[in-house]
Amino acid sequence: MLNKKLLIVDDCEIVRTLCSYILAKKGLNITLASNGLEGLEKVKLEHPDLVILDIIMPEMNGYQVCRQIKSQPQTMNIPVVFCSGKNAEVDVYWAMKQGADGYISKPVNKDELMALMGRFHIIKNVSEEYSNQCFYKQGRVRILPA
């Protein structure tokens, strides 16, 4: 077991199930939340190593959740990656303005998730070359500038 904790916050059960299935097979400890408010509560309780966050959700949207995570001293260093069907450049720009550390577009595939885990050092066996190829050539997975 890697002892790395991931929180997946998405109101779509299919997305939560698919992502958790792929990532749990790699030995990650996965926690799920179905809305923004539940996700924020789990961030505070479990202090995950990475949060994968949808934008459009009930109770509290992903932008609001990200701002809350990044504004609290206890959670501000947790990487937050948006995972959304909203994939225009303005959506990526707005995510960055909220404090996000990355952005991945739906539909998500296994290779993109693995590259994401390698980029944030959640899984160590993802090569840097592969991560760079996936992040920059495909243009679907984006890491936001610091």
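The rules behind these values
Residues numbered from 1 in each chain as written. Predicted model: local features only at pLDDT ≥ 70, side-chain atom pairs only at ≥ 80, totals over all residues. Heavy atoms only, no water. Helix = DSSP H or I, 4+ residues; strand = E, 2+ residues; numbered from the N terminus. Buried < 20%, exposed > 50% of the residue type's maximum accessible area, 1.4 Å probe, protein only. Contact = heavy atoms within 4.5 Å. Areas by Shrake-Rupley, 256 points an atom, 1.4 Å probe, with all protein chains shown as cover. Pairing = 2+ DSSP bridges. Right-handed = clockwise from strand over helix to strand, strands pointing away. Lys, Arg positive; Asp, Glu negative; His and termini not counted. Salt bridge = Lys/Arg side-chain N within 4 Å of Asp/Glu carboxyl O. pLDDT = per-residue confidence, 0-100. Disulfide = S-S within 2.5 Å. Axes fitted to C-alpha atoms, helices over the stretch in contact; angles between N-to-C directions. Parallel < 35°, antiparallel > 145°, perpendicular 65-115°, else oblique. Nonpolar A, V, L, I, M, F, W, Y, C, P; charged D, E, K, R; others polar.

(A) The arrangement of the overall build of the chain in detail. Scanning the chain for helices and strands turns up six helices and six strands. In the chain, the succession of helices and strands from N to C terminus is β-α-β-α-β-α-β-α-β-α-α-β. Evaluated residue by residue, the chain yields a buried proportion of 49% over its 146 residues. Of the contacts formed within the chain by residues at least 6 apart in sequence, a portion of 60% connects residues at least 24 apart. Accessible surface for the chain amounts to roughly 7600 Å². Of this, 52% is attributable to carbon and sulfur atoms.

(B) Summary view of the pairing of strand β3 (residues 50-53). Here β3 shows two buried faces, one formed by L50 and I52 and the other by V51 and L53. Where β3 meets strand β4 (residues 80-84), three bridges bridge the pair, whose relative direction is parallel. By the bridge assignment for β4, I52 is matched with V81. Handedness of the crossover joining β3 and β4 through helix α3 (residues 62-71) is recorded here as right-handed.

(C) Structural view of the pairing of strand β1 (residues 5-9). Where burial is concerned, most of β1 is hidden: four out of the five residues are buried. Taken together, the five bridges between β1 and strand β2 (residues 29-33) define a ladder with parallel strand orientation. By the bridge assignment, L7 is partnered in β2 with T31. Note that the unit made of β1, helix α1 (residues 13-24) and β2 has a crossover that is right-handed.

(D) Structural view of the side chain of R16. Assignment of secondary structure puts R16 in helix α1. Notably, R16 is buried but unbridged: the nearest opposite-charge side chain belongs to E13, and the N-O separation is 4.8 Å. When sequence neighbours within four positions are dropped, the list of residues in contact with R16 reads I8, D10, D11, L32, A33 and S34.

(E) Quick look at the confidence of the model for the chain. On average, residues of the chain score 85 in pLDDT, and 84% of them reach the 70 mark or higher. A low-confidence stretch, residues 135-141 (pLDDT under 50), is modelled with 22 contacts involving residues beyond four sequence positions or located in other chains.

(F) Spatial organisation of the state of the cysteines. Throughout the structure, instances matching the rule amount to zero disulfides. The structure places no disulfide on C12, whose sulfur is separated from the nearest cysteine sulfur, that of C19, by 9.5 Å. No disulfide involves C19; its sulfur sits 5.4 Å from that of C83, the nearest cysteine.

(G) Representation of the packing of α3 against helix α4 (residues 89-98) in the model. Where α3 meets α4, the axes come as close as 9 Å, and the angle between the chain directions of the two elements is 30°. The angle between α3 and α4 falls in the class roughly parallel. Contacts between α3 and α4 involve Y63, C66, R67 and K70 from the first element and D91, W94, A95 and Q98 from the second. Grouping the amino acids of the contact of α3 with α4 by side-chain chemistry returns four nonpolar, one polar and three charged.

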